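# Chain and residue survey
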Amino acid sequence: MLCLTDVLVTRTAGAPARPPAPPSLRTAVRDPYPLYRTLRTHHPLVYDEPFGAWLVSRYDDVRAALADPRLVPVPGEGTSEADQRLERALRGPALDALTAAVERGAHVLARRLAAREEADLVAEFCDWLPTATVVAALGLPYEETARVHCWCRTGLGPSGGGRSELGVFLRPLTARRRAHPGGDLLSALCAERSDETVTGLVGTLLGAAGETTARALASFLANLLDHPGQLEVLRARPELTAGAWAESLRRDPPLHLVLRRAVEPVGAIPAGATVACLLGAAGRDPERFTDPDRYDAFRPDPAPLAHGTGRHTASDALLARLTAEHGLRALLAALPGLRRAEGARTAPEDLVRRSPKILRVRTR
């Protein structure tokens, strides 16, 4: 495997000794893409003093950085032991229960929109589908949906606090599942696991169903609605949805950067330094992708970096993919006239979170 140091030495060979100083990430809130182009062209590895991190922006370099064992996740960004346990647990009957719940939740939410002429897909579909999936998959009482939604959106914090509240909430439910197991995900998770372990797995699932998954779904639907011809192809050929989803993650990842910390020197990066891997810049690298700013649902090799990195574990990626594929199918089935509504569109105001806040559509 080519290490990060080799990539950066090769890529920067022959560059000007004193390239123009780059602007900081802190100045690129509304539109980071001109800055990304400047970084990829002139500063593939540079220290951003106001931001307090080394910036890596080219596709090959970001990919190498994310795989380099000398660059470890910073607290809150890494794959925890609970994430790995959940990944192992989501197999067989547990995966079947999760998939069925996504499909069921998507169709319920989509049918609610069918009686309306206009709707906001962000507020009325994307924000709620991950929560509806968790509630249905675990077999939780429907009246607890609002509480579960709050946990999904705000998280549970460290091992105490919210996690303790979740344990108290789950204890009578897990006791009933142990006595009378069913076909739901909670029953599958209870098999041969302690209450503490089950609470950890459910807490991790709630994290996977949080804001990042909802934002990724919103960007995916926005990209397709902006390209109605491509949307119609997916209506006729739903088996192509996975590629369209991957392309959306490439062009518009739900998070534009993930952070790493150097545990030893990596080329010019000193030990202890923070490294910002710019997924938003890497996904639009013209050295890797043809016409990278264009959304093409049928791009042969979108190769997104958005999942399997940073806080995106395999379980996050699985749930996000399921919500995207089944969510789109449900919307197309329930809303045959689905299209963008006329009117002004809101522009993202956050460098890290670039998904639409509002997605107005016509349903007929």
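To keep things clear, this report deals only with the structure shown in the data block. Source: prediction; values computed, not measured.

Sheet strands associate in pairs through backbone hydrogen bonding, adopting either a parallel or an antiparallel arrangement. Across the sheet, which stays open at both edges, the three strands sit in the order S4-S8-S7 with antiparallel pairing between neighbours. Edge strands, defined here as strands with exactly one partner in the open sheet, are strand S4 (118-120) and strand S7 (339-340). One ladder, built from two bridges, connects S7 with strand S8 (residues 360-362); its direction is antiparallel. Looking across to S8, one finds that arginine 339 is bridged to arginine 362.

On to the pattern of salt bridges. Under the definition given, this model contains 24 salt bridges. With its nearest N and O atoms 3.3 Å apart, the salt bridge here joins arginine 147 to glutamate 144. For arginine 147, a relative accessible area of 35% gives the class partly exposed. Relative accessible area serves as the criterion here: at 19%, glutamate 144 is assigned to the buried category. When salt bridges with common partners are traced through the structure, they connect Glu117, Glu118, Arg360, Arg362 and Arg364 into a single cluster.

All told, the structure shown has five aromatic pairs when counted by the stated rule. Centre to centre, the rings of tyrosine 59 and phenylalanine 289 are 5.4 Å apart; their planes meet at 90 degrees, and the pair counts as edge-to-face. Taken together, the positions of tyrosine 59 in helix H3 (residues 59-67) and phenylalanine 289 in the loop between helix H15 (279-282) and helix H16 (314-334) put the pair 230 residues apart, joining distant regions of the chain. Considering the side-chain rings of phenylalanine 220 and tryptophan 245, the 5.5 Å spacing of their centres and the 85 degrees angle between planes classify their relative orientation as edge-to-face. Here phenylalanine 220 is found in helix H12 (residues 211-225), whereas its partner tryptophan 245 is found in helix H14 (residues 241-251), with 25 residues between them in sequence.

This next bit is on the pairing of strand S6 (residues 274-278). On a regular strand, one side chain projects to one face of the sheet and the next to the other, so that they alternate. When you tally the buried positions in S6, you get four out of five residues, the bulk of the element. Examined bridge by bridge, strand S2 (residues 53-56) and S6 share three bridges and lie parallel to one another. Of the residues in S6, the one forming a bridge with valine 56 is cysteine 277.

A negative phi holds for most residues other than glycine; trans holds for most peptide bonds. Positioned with a positive phi, glutamate 192 is a non-glycine residue whose angle comes to about 60 degrees. With respect to the helices, strands and loops of the structure, glutamate 192 is situated in the loop between helix H10 (185-190) and helix H11 (195-208). Relative accessible area serves as the criterion here: at 85%, glutamate 192 is assigned to the exposed category. A positive phi angle, close to 45 degrees, is found at aspartate 291, a residue other than glycine.

Bridging between strand S1 (residues 45-48) and S2 involves four bridges; their strand directions are antiparallel. Across the sheet, residue leucine 45 finds its bridge partner in S2, namely valine 56. Between the antiparallel neighbours S1 and S2 lie four residues, among them glycine 52 with a positive phi of about 80 degrees.

Once that is clear, we can look at the nonpolar core. Among the nonpolar cores identified, the biggest contains 35 residues, and Leu121, Phe125, Phe220, Leu221 and Leu331 are the most heavily contacted of them. Of all elements in the fold, only helix H5 (93-114), helix H6 (121-126), H12, helix H13 (228-236), H14 and H16 reach the threshold of two or more residues within this core. Broken down by element, the residue count for this core peaks at eight residues, all from H12. If sequence neighbours within four positions are ignored, leucine 221 has contacts with Leu121, Phe125, Cys126, Leu328, Leu331 and Leu359.

This part is about the environment of proline 23. Turning to its location among the elements, proline 23 is positioned in the loop between helix H1 (4-12) and helix H2 (33-42). Residue proline 23 is classed as partly exposed on the basis of its relative accessible area of 37%. Distance in space between the C-alpha atoms of proline 23 and threonine 38 is 8.8 Å, their sequence separation being 15 residues.

Conventions adopted
Residues numbered from 1 in each chain as written. Predicted model: local features only at pLDDT ≥ 70, side-chain atom pairs only at ≥ 80, totals over all residues. Heavy atoms only, no water. Pairing = 2+ DSSP bridges. Helix = DSSP H or I, 4+ residues; strand = E, 2+ residues; numbered from the N terminus. Salt bridge = Lys/Arg side-chain N within 4 Å of Asp/Glu carboxyl O. Buried < 20%, exposed > 50% of the residue type's maximum accessible area, 1.4 Å probe, protein only. Phe/Tyr/Trp six-rings, centres within 6.5 Å; stacked < 30°, edge-to-face > 60°. Core = buried A, V, L, I, M, F, W, Y, C linked by side-chain atoms within 4.5 Å. Contact = heavy atoms within 4.5 Å.

Geometry only, nothing functional implied.
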